[in-house]
Each structure stands twice: as structure tokens, then as C-alpha cells.
Amino acid sequence: MAFQDFDQISQRRKQERQQKIRRRITIAIASSVGVLLLAAAAVCAVMYERNQDSSSNQNHGTPSSPKQVTTAEKAVKSACEGTDYKQTCENSLLKAVKNNATIQPKDILKASFAVASEEIDKVIKKASSLKFNDPLKKAAFDDCLVLLNDAKEELNSSISSIEGKDLTKLSSRTPDLNNWLSAVLSYQQTCIDGFPEGDEKAKFQNFLKISKELGSNALAIVSQLSSISSMFQLPDVKRNLLTVYDDGFPSWINQDHQRMLKDDTAKITPNLTVAKDGSGNFTTISAALNAIPQEYTGRYVIYVKEGIYQENVIVTKEMVNVTMYGDGSQKSIITGSKNFVDGVPTFQTATFAALGEGFMAQSIGFRNTAGPEKHQAVALRVQADRSIFINCRMEGFQDTLYAQTHRQFYRSCYITGTVDFIFGDAASVFQNCMIYVRKPMENQQNIVTAQGRLDKRQTTGIVLQNCRILADEKLKSEKGKFKSYLGRPWKEYSRTVIMESEIGDLIQPEGWMEWNGDFALKTLYYAEFNNKGAGSNTSGRVKWPGYKVIKKEDAMKFTVGPFLQGESWLNSASFPVRFGMST
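Residues numbered from 1 in each chain as written. Predicted model: local features only at pLDDT ≥ 70, side-chain atom pairs only at ≥ 80, totals over all residues. Heavy atoms only, no water.

Some details on the overall build of the protein chain
Summing up its helical and strand segments, the protein chain has 15 helices and 26 strands in all. Relative to its full complement of 583 residues, the protein chain shows a buried share of 52%. With the model as given, the accessible surface of the protein chain reaches about 26,900 Å², and the carbon-plus-sulfur share is 50%. (Helix = DSSP H or I, 4+ residues; strand = E, 2+ residues; numbered from the N terminus. Buried < 20%, exposed > 50% of the residue type's maximum accessible area, 1.4 Å probe, protein only. Areas by Shrake-Rupley, 256 points an atom, 1.4 Å probe, with all protein chains shown as cover.)

Structure representation (C-alpha cells):
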């Protein structure tokens, strides 16, 4: 009986196995048929799409929807290919343009600006809930919010500047776009730098990580506009660094500004006069600035009579096209003493801050008298685009002149200091300036420049042309006790060019100094061309990969024309401007 039962069980299992095999065969056949049907459907769909595309092309209509999506994706991938943060670029831009049925290069540009602006909004929202008990950290936080709003404004300006323009006209905006986007990156880094080392600084670095990546990507996309346009089989767009106008002036300079540039300052009738003795409209410069009408159009001129004005002055962003002139840089003097040691962030220590576009100063002195023991103490901070300083004097010790952002031109100015006393991330050219190094504290070394370029595509840098770099009277007799250098890299892509200048014997043979170990030594750009003086010999200079002794054709790139687009806004100035080389 046992064997019989076993035989019956074996038979049932055999039948079950046969049934499973038949089911598998049936499923396999069904699946094969399904695959064949799907493949056939796909072929039909492709044929249908090709026929539709062909019909559309014949009728000059718009491409079909699947083709639009593909074009957008290809455009985004092409635009992001040249960026340093490709994944961030693709993720952000695909979301921004996915529903765009007729995508153009301008749309890619606008989207890159817009996503960066939106990210800054998110950072501001996150940061607004933070609380600070430490006064220095609270001040740094307040500066941060101001700087982030500045960054947002400049991104929005970038968007507005390309509205309504076709591709062939976008190239005329390239210098401005590079200028604004370079400033956007600088504002964000300045926000971070304002905090002392610690949790708060790390927190803001984390907050701004994506925002900085998006800003860098936007700058990269502007730099490759031609390659993006080729995706659309549109005319190649060439970079037009200089815009020529029939009357010799760019459109942003109004008639009053032209008059100021053409005429002698002494012949100009000022809108307001400031005088310590009460003989003018106001006794303080701040009061005169506050009296500028909000709806005023044209250039507003303020005459500052001889006197020492102890006040901290801000020419706000709303105060555009302001000219301020005095009786001489050692007669009309603005002075203050705010400093870092006393608990003021470097950003706020400036005796005078120029933010409004088109600011001009002539024959005025700017001082910070805090002294070397107070460390960072700014005499003049300049954020204003297309700003001009003629025959002015900037006196301080550490961080005297903060050339913060945008395009700046200095002619025949007198600048003194000790540590990093010309610093910042502007595109700045100093012509025929007297640069005097002062006696520092016993444990300090002198450094003339500390340029803060963050990104290899930023159009920023410090250029000293036909200047004199010498020791002042107090340092001259003791210069052997202190080491002095031409510059050190504040940020990774720091860029400084010294050309056709006199370099005194106070400068060390190696010329340049490290910031911290090998930081930035491969990525910086420090260059010298045709200098003279006892400190100009380049044979003993540093051997860093980023240091170069350049030729004339390379030096030409850093003259006023190509570097500042100066021929469009300094061309008809009454004061002398050198657009090329001296030799």
C-alpha cells in the first residue's frame, strides 16, 4: 500500500510539473506577442512623428511636442557642459525651461539668472529666522542680508538687460552681464567673510553653497553664448567688449554727465555746497547727500569746501551719478576711526562708502585714523560701478582701500597703508598713483594688494599701471626691519597685474607672499610687465605656477579699454586717461 501511495504522489507531481511547463510556454508566447505589438506600435509612432515633422517643416510650422522637449534638454545640456557645477546646472535649468515650446539662447540665459535669484530668496528666508546675541555676529548678519539683496538686485538687472533683445544684440550686454554676475559672487562671499570662524560662518557657507554654484554657472553660460547659439543654428554671437556711439558717449551717460566729463570741475556750478564754517548749504556731507531729490535726473554735484569732516558717509545705491569735489586732497578731508578691534565688521568700518553707480570724486581726502594696532580699518569702500577717483587721497593702515565690486578707475591718487591696503574684488585700474607703504606693527609684514577673485570667469582684478610703490618717510629709515610684498592671494583666483610702474627697494626679491601654505598658488594670476626701480627685478620672484612675467600683448588686455570697457565711459573725460600702454 505504501508503494502504491508513493506512485500516486509521483504521478501527481509529474502532472503538476507538466502543467507548469505548459503555463510558462503560454506566458512566453504571450509576452513575445506583446513585445512584438509594442515594437510595432513604437515603429508606427516614430513613422507618424517623422511624417508630422516633415509636414510641419514643409508648412513652416512649429515642431511637435516631443521634439520641443528634446530641444530644450539638448540646449540645457549644451549650456551646462562648460560650467563647473554641471549637475546643479542641469537640475535647475531643466525645471525652468521644460515647458518652453520655443526655447532660444536668451531663455537659457534668463533661466540661469532667475534660478540663482530664486535660490538667494530661499537663503534670505532661511537666514531671517536666525537670532544672534553676539553684537559682532549680529552686525555681520545684518551686512549679509544687505549683500544678498544686492546680489538679487543685480541678477534681476541681468534679466532686465536682455529683455526684448534678439540674439545678435545680446553681445552688447556681455560686459555688463560679466560685471554684474562677478559682483553677485563677491557679495555672497563677502557675506560669509563677515562672520568670525565658527558655527555661524559654517552655517552661511552651507546656506549659500547652491546659490554660489548657480552664480558661477550663470557666469559660465554668459561666456559661452556662441556655442549655445550654435545649438539653434543661429548666427554666431561675437563678444563686443567696446560699444561705439555716434556722439562718443554710451547711452547710460546723460547730457549733464557728458558736461561734467568735458568741462573743468572748477567751472561747474554745484547743486549744493558743504562748508564747515557755515558758508555753504550744509555743514556735513551726509546732510548734503540726504538733500538730493529722490526724483532728480542728471548729474548731481556737491562741492566740499576746505575742512576736516569727521563723519562716516554713505553714498547709497539710490544716489546715482553723484559728483563730489573738494579744494584738494589735503584740504577737503573726510575722516573716521571705525575698526575691527573695537567690534565693527570690516565691511562697516569704512569712513566713506560709495555705492551709487557713476560716482565721481575729485580732490578729496579719505582717512581712517584707527592706527595699525586696530587692524582692519577701511578709509574708502567702493561698490559703485563706473566709479572715478581723480587726485584723491586714501590714508589708513590695514585695509585702507576696499575696491569691493564693479568697474573702478583711479587716476593720480595717493594711497597709503600697511597690510592688504588695496583689496577687494572689483575690476580696478590705478593709473599714475602714488602708493606709499607705511610702518606697520612690530610683528607685521606689509602687503600692498589682496585681490579677492573667486571664480576663474570673473572679470575682476587689480591693475597698477605707471604707479610708484615706495616706502613713506617713517618706513624708509627702517625698511630693513619689515618685509614688504606686492600682494597675496585673498581668494582662489586672485588676479593682480603690475605694469610700467616703479617698484622701490622695500619690496622683497620674491615679490609676492603666500596667504596660507599653497592655497591658490596654482590658480592665481599675478603678472608683471616692464616695471622699473630697485624692487622690480624679477629674477628672484616666486616660482608659483600662477605667477608670470608677461609680454606686451598680454599686458594690453589689462589696460583701461579692454579691462574696464573704459572707452565707452572715460573717452571724453577732461582729465588724462591712458587707454593703452605708456611704451
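Picking up after the structure, the text goes on.
Quick word on the state of the cysteines
All chains considered together, the criterion is met by two disulfides. Across a sulfur-sulfur distance of 2.0 Å, C80 and C89 are joined as a disulfide pair. The sign of the S-S torsion, about -75°, decides the handedness of the disulfide formed by C80 and C89: left-handed. Assigned by exposure class, C80 and C89 land together as buried. Across the disulfide, C144 is cross-linked to C191 (sulfur-sulfur distance 1.6 Å). The sign of the -40° torsion about the S-S bond sets the C144-C191 disulfide as left-handed. Of the two residues, C144 is situated in helix α5 (residues 135–161) and C191 in helix α7 (residues 174–193); the sequence distance between them amounts to 47 residues. C144 sits in the buried class, given a relative accessible area of 0%. Looking at C191, the relative accessible area reads 1%, which means it is buried. Indicated for the protein chain is the disulfide connectivity 1-2, 3-4, based on numbering the bonded cysteines in sequence order. With no disulfide partner, C413 has as its closest neighbouring cysteine sulfur the one in C433, 4.7 Å distant. C467 carries a free sulfur, and the closest cysteine sulfur to it, the one in C433, is 4.7 Å from it. (Disulfide = S-S within 2.5 Å.)

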